[in-house]
Each structure stands twice: as C-alpha cells, then as structure tokens.
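# Residue-level structural notes
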Amino acid sequence: MKAIVNVFLKQGVLDSQGKAVHHALDSLKFDGVNDVRVGKQIVLDLSAADEASAKAEVTEMCESLLANTVIEDYAIEIVS
Amino acid sequence: MKVSIIQFPGTNCEYDTQYAFEKLGATTELVWHKETKIADDTDLVVVAGGFSYGDYLRSGAIARFSPVMQAVEAHANRGGKVLGICNGFQVLTESRLLPGALKRNEHLHFISRHHHLKIAGNENAFLNKLCRDDVVNIPIAHHDGNYYIDPDGLKALYDNDQVLLHYCDAEGNVSNPNGSVDAIAGVCNAAKNVFGLMPHPERAMEAILGSADGKAMLEGFFAS
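All figures in this text were calculated on a predicted structure; none of them were measured in a lab.

You can see Lys103(B) is positioned in strand 5 (residues 101–103). With no salt bridge to any partner, buried Lys103(B) finds its closest opposite charge in Asp15(A), at an N-O distance of 7.1 Å.

Right, let's talk about the interface of chain B and chain A for a bit. Taken together, the contact pairs 17 residues of chain B with 17 residues of chain A. Together chain B and chain A conceal approximately 1,400 Å² of surface at their shared face, both sides included; 59% is due to carbon and sulfur atoms. Summed over the three residues of chain B that lose the most area to chain A, namely Leu57(B), Arg58(B) and Lys103(B), the buried surface amounts to 38% of that side. Where chain B touches chain A, the interface holds one salt bridge. For Arg58(B), the salt bridge identified is with Glu72(A), shortest N-O distance 3.7 Å. The tally of links from chain B across to chain A stands at eight residue pairs in polar contact (both at pLDDT 80 or more). A per-element tally of the side of chain B that touches chain A places strand 5 of chain B first, with three residues. Of the residues in the side of chain B that touches chain A, the class split is eight nonpolar, two polar and seven charged.

Now for the pairing of strand 6 (residues 111–119) of chain B. All names here are of chain B. Across eight bridges, the pairing between strand 6 and strand 7 (residues 135–142) is antiparallel. Looking at the pairing, Ser112 lines up with Ala141 of strand 7. Where strand 6 meets strand 9 (residues 163–168), four bridges bridge the pair, whose relative direction is antiparallel. Bridge assignment links His116 to a residue of strand 9, and that residue is Cys168.

This paragraph deals with helix 4 (residues 151–159) of chain B. Residues and elements named next belong to chain B. Buried residues of helix 4: Gly153, Leu154 and Leu157, and no others. The arc that holds every buried residue of helix 4, seen down its axis, measures 100 degrees, which confines them to one face. In helix 4, those exposed residues whose orientation departs by more than 90 degrees from the buried face are Pro151, Asp152, Lys155 and Asp159. Buried residues belonging to helix 4 abut strand 8 (146–148), strand 9 and strand 10 (184–188). Phi turns positive, to about 60 degrees, at Asp161, one or two residues after helix 4.

Conventions we followed
- Residues numbered from 1 in each chain as written.
- Chains lettered and ligands numbered in written order.
- Predicted model: local features only at pLDDT ≥ 70, side-chain atom pairs only at ≥ 80, totals over all residues.
- Heavy atoms only, no water.
- Helix = DSSP H or I, 4+ residues; strand = E, 2+ residues; numbered from the N terminus.
- Buried < 20%, exposed > 50% of the residue type's maximum accessible area, 1.4 Å probe, protein only.
- Lys, Arg positive; Asp, Glu negative; His and termini not counted.
- Salt bridge = Lys/Arg side-chain N within 4 Å of Asp/Glu carboxyl O.
- Contact = heavy atoms within 4.5 Å.
- Buried area = accessible area lost by both parts, 1.4 Å probe.
- Polar contact = N/O pair within 3.5 Å; in protein donor to acceptor, adjacent residues only side chain to side chain.
- Nonpolar A, V, L, I, M, F, W, Y, C, P; charged D, E, K, R; others polar.
- Pairing = 2+ DSSP bridges.
- Arc of directions from axis to C-beta.

Purely geometric stuff here, so don't read any function into it on its own.
Below you can see the structure in the form of structure tokens.
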C-alpha cells in the first residue's frame, strides 16, 4: 500500500518559493496564473493491513516528523 | 561553569562554540547525538550550528529525534539553561522547546555576512550583560533564518518579554535580511531558560575576526 503526503506552507504563511516561481512565470508571459504554491511530496511504501490503519499511521508520522504544523499543512492520499 | 555542546551528524560549529566558551573560562564537553545523557553538572547545553542531517526534510527536523535530545529536553524542563545557535535554534523550535518556526529566507539566498542586531530583551540569563537597544555586530550564515510565528504567538512573545534580538543596521534602524516576522533574530521560552538565535556570537570573540561583540553576549551566561 502506498501513501502520498503533500506538504505545503499554510495559507497566510508567505511562500517565498511560490512567489519566485509566480514571478518567473509572469516574466515568461504566462499571464493567467493567479497564485503559485510550492510544496513537497513524500511517497511512503507501507505494510499496513488496511487503508484506515495506514491513514492513522501516516497522520501520526505527519504530526511528529513529516510536517511542521506551526507553518505547514499536510494532505494524505492512500493509493493501493 | 560547565557547558555541554551537542554534536549531530552535520554539526560544524561545535569547535568554535567550544573555543568561545573556554575563552570565557568554562569547562566544555562535546556530546555526540547518540548519547542518552548529558553530564549532571552541566550548567548550559549548547545546540551548536551546522547542517544536522544535511537539513533533510526541514532544518533541524530529524535532529530533534536524536537520542540526546530527550536529555536536553529533560535538562530544559527542570530549569536548566539551553542555547541554540543557528541550526541549534532550528532544532529547538522543531522540538517545541522554543515557539515559532524557521522558514526559507525570503529572498531564497544563503546569507553569510556580518549583521547588526539590536538587543530587545536583556532581563534574562543570556543577554544581561547588554542594555536594551544596544547594537552589536555579529556574523549570520543561514538559508532558513526567516523566523515565523502567528500573530497571537507574536503578541505572547512581546507580552512576556521573550523577544531577544532584532536585525538592524549600524544605527539601530530595522534592517531585515531574511524576512523574519518583526525582524526577529532570537527568542527565548516563557520560562526564560531556553534561548535561540540565528546569528553566531561564537564567531565574534575577538577583534581580529571582525568583531568581539559575541563575547559580551555569551558572558551573560557567566553571571550568577
């Protein structure tokens, strides 16, 4: 079973990398971009028995290590 | 005074820190991160600067789970003094021993140069040898020094006099190199026994290095 974790800075916390990419897209004349957020994706290969236990386990991983919840939000997707 | 200096894989300021504290008359000991104990007679634990675990995931995120950190947390929780410099500051915020978090510098560059700092809080065990609004000149060297805390947290820091240092220019006017909230360069915890700052006072111990202002900062720990 695989889990995909996406980690992004919280809304309201300035994402400097996103701003820089947005600015670069602007200078390349991609005018239709309203906002850019840059985050990171962590892919986990798990031996969990079922989706619910996988999700519970990954949530614990996010809270303790994978995300810094002071500044970051995370989203977990379980794919089999 | 006994100073225990923590070394993680990737720490690179431990010997400068050792030099600085020994120059001031302390006994020092380097403590490898696999240790589960720090010496009982330790007065101050310093989490030195560097790139613990290569800054993988986030600066300080993995170091926080090294065995020695439990001993550091226990030392802090019983009122012992802890100082985190640069990566050490990041480790202490990741451990939640200090409030807030350090983000990538606003302009996304690594900064390495001298910078002035204004003393914001001196009624604590660290900066008591300096006066409020004193300006010191100390090196900074970091990629992730952009201090962030939410507005409620920021208010709590000011209400409790936990802001230690602001980045400024030579005249003391605000000059923010990395985008930190309110140009904050260092903070302490509510109990005022855990301190963290991005600048490196241990690299400013004598005039030949460009500044001896770090001495006046670290000397504070020697006052009773």
